[in-house]
Amino acid sequence: MYRFKVFFKGLKFIDKLTYLYGKTIELILPERYNKIVHLRTFINNVHSLGYDIKHHSNHLILQSTSKAIELRNNTSDRDVFSQVFINNEYQVIIDYVIINQLKLNTIIDAGANIGLTALKFATFFPDSKIICLEPDPNNYRQLQINLNGMINIACLQNALWYKSDILALSRDFRDSREWSIHVTKPHNGDKDLVSALSIHDIIKNYNLQEIDFLKIDVEGSEAEIFKEEHNLSYLNMIKIIAIEIHDEFNCRLEIYEILKDYGFSIINSGEFTIGIKPSL
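Residues numbered from 1 in each chain as written. Predicted model: local features only at pLDDT ≥ 70, side-chain atom pairs only at ≥ 80, totals over all residues. Heavy atoms only, no water.

A. The arrangement of the pattern of salt bridges in detail. Counted by the stated rule, this structure contains 14 salt bridges. As a salt-bridge pair, D77 and R72 come within 2.8 Å of each other at their nearest N and O atoms. The two residues D77 and R72 agree in class, both being buried. Residue K185 pairs with D165 through a salt bridge whose shortest N-O separation is 2.6 Å. Highlighted residues: K185 in the loop between β9 (182–184) and β10 (193–197) and D165 in strand β8 (residues 165–170), separated in sequence by 20 residues. Overall, the relative accessible area of 39% leaves K185 in the partly exposed class. (Salt bridge = Lys/Arg side-chain N within 4 Å of Asp/Glu carboxyl O. Buried < 20%, exposed > 50% of the residue type's maximum accessible area, 1.4 Å probe, protein only. Helix = DSSP H or I, 4+ residues; strand = E, 2+ residues; numbered from the N terminus.)

Put into structure tokens, the structure is as follows:
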């Protein structure tokens, strides 16, 4: 009953009617009905993980015993939470590290979005140093909120690229939501610009000797980053890599070949291509 009250309290009036009249409304407003069903499922799943939920006018607060997570309403934030914490898309990597008693001292999270992947890895590996890159200013503000107080996490408002550069943010990739921000070479008149860094820049800036885990989810930029003509020698320093390859850019086979050339064994898990050095 408590969960239902929490769920119902946060609904708009039209959504309360949609929920109460169920299948009748589904015939008239199918998209809204599906949205309500999706929200109810999400809230049930969040409660099952031990979070309390507080509704605010423009966001949800998910409160656990140790951390509060803020998700913006009417954005992709709930879907990102579902991927990371409900569907556990990174659990195969976490399990591999734990089972093989490995240490993750240094993690780079490129395309950190609102910080949930970094938060999950920080929970399992609290002694690791995590470097997050997120180019979009709105996502970056949310990332800072969610990672506030995490002293082992560095947050950078930068895009990942194959070199230092200035790029333009594009918001017309895939579903055009907050988790689909793409970067391109700027054109005259572009005002939504962001500084880009390479992995080599990060290695130099943080004086890194190795990278235990590199996650890359950069909405297509991997096609430019993983070109053979660029300097990819940093791959020698990486133990585990996870890349979301976007097939619109026709770069999957090229990335596979590059990873194999640098000694990675490759598996696919969900949306990610995972490379692991067998010498670990």
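There is more to say, and it comes next.
B. The arrangement of the packing of helix α4 (residues 77–86) against helix α6 (residues 116–124) in detail. Direction vectors running N to C along α4 and α6 enclose 20 degrees, while the axes themselves pass 9 Å from each other. In terms of orientation, α4 lies roughly parallel with respect to α6. In terms of crossing hand, the pair formed by α4 and α6 is right-handed. For the pair α4 and α6, the contacting residues are V80, F81, V84 and F85 in the first and L116, T117, L119 and K120 in the second. Residue composition of the contact of α4 with α6, by class: six nonpolar, one polar and one charged. (Axes fitted to C-alpha atoms, helices over the stretch in contact; angles between N-to-C directions. Parallel < 35°, antiparallel > 145°, perpendicular 65-115°, else oblique. Left-handed = near helix turned anticlockwise from the far one by under 90°. Contact = heavy atoms within 4.5 Å. Nonpolar A, V, L, I, M, F, W, Y, C, P; charged D, E, K, R; others polar.)

C. View of the sheet that holds β8. Here four strands make up an open sheet; going across it, the order is β7-β10-β8-β9 and the pairing mixed. Only two strands of the sheet have a single partner each, and these edge strands are β7 (159–160) and β9. One ladder, built from four bridges, connects β8 with β10; its direction is antiparallel. The partner of D165 across the bridge, within β10, is A196. (Pairing = 2+ DSSP bridges.)

D. Fine view of the packing of helix α5 (residues 91–99) against α6. Running from N to C, α5 and α6 point in directions that differ by 20 degrees, and their axes come no closer than 12 Å. Here α5 lies roughly parallel to α6, going by the angle between them. For the element pair α5 and α6, the recorded crossing hand is right-handed. Every residue of α6 that contacts α5 at Q91, I93, I94 and I98 is listed here: K120, F121 and F124. Among the residues making up the contact of α5 with α6, the classes are represented as five nonpolar, one polar and one charged.

E. Main features of the packing of aromatic side chains. What the rule picks out here adds up to ten aromatic pairs. Note on F42 and F81: the rings are 5.8 Å apart at their centroids and 75 degrees apart in plane angle, and the pair reads as edge-to-face. Note that F42 is positioned in helix α3 (residues 30–48) and F81 in helix α4, a separation of 39 residues in sequence. For F81, a relative accessible area of 0% corresponds to the buried category. With centroids separated by 5.2 Å and ring planes inclined at 50 degrees, the aromatic side chains of Y90 and F272 adopt a geometry described as tilted. Pair noted here: Y90 is in the loop between α4 and α5 and F272 is in strand β14 (residues 272–276), with a separation of 182 residues, a long-range link. Accessibility assignment for this pair places Y90 and F272 in one class, buried. An aromatic cluster is built from Y90, F121, F124, F125, F213 and F272, whose rings are joined through pairwise contacts. The ring of F42 carries R78 above its face, with NZ or CZ at 5.8 Å from the centroid. Its guanidinium or amino end placed over the ring of F264, K277 lies 4.5 Å from that ring's centre, counting from NZ or CZ. (Phe/Tyr/Trp six-rings, centres within 6.5 Å; stacked < 30°, edge-to-face > 60°. Lys NZ or Arg CZ within 6 Å of the ring centre and 35° of its normal.)

F. Representation of the nonpolar core within the structure. Counting 40 residues, the largest nonpolar core has L62, I69, F81, L116 and F121 as the members making the most contacts within it. Among the elements that take part in this core, α6 stands out by supplying five residues, more than any other. When near neighbours in sequence (up to four residues on either side) are disregarded, F121 contacts Y90, I93, I94, L104, I107, I130 and F213. (Core = buried A, V, L, I, M, F, W, Y, C linked by side-chain atoms within 4.5 Å.)

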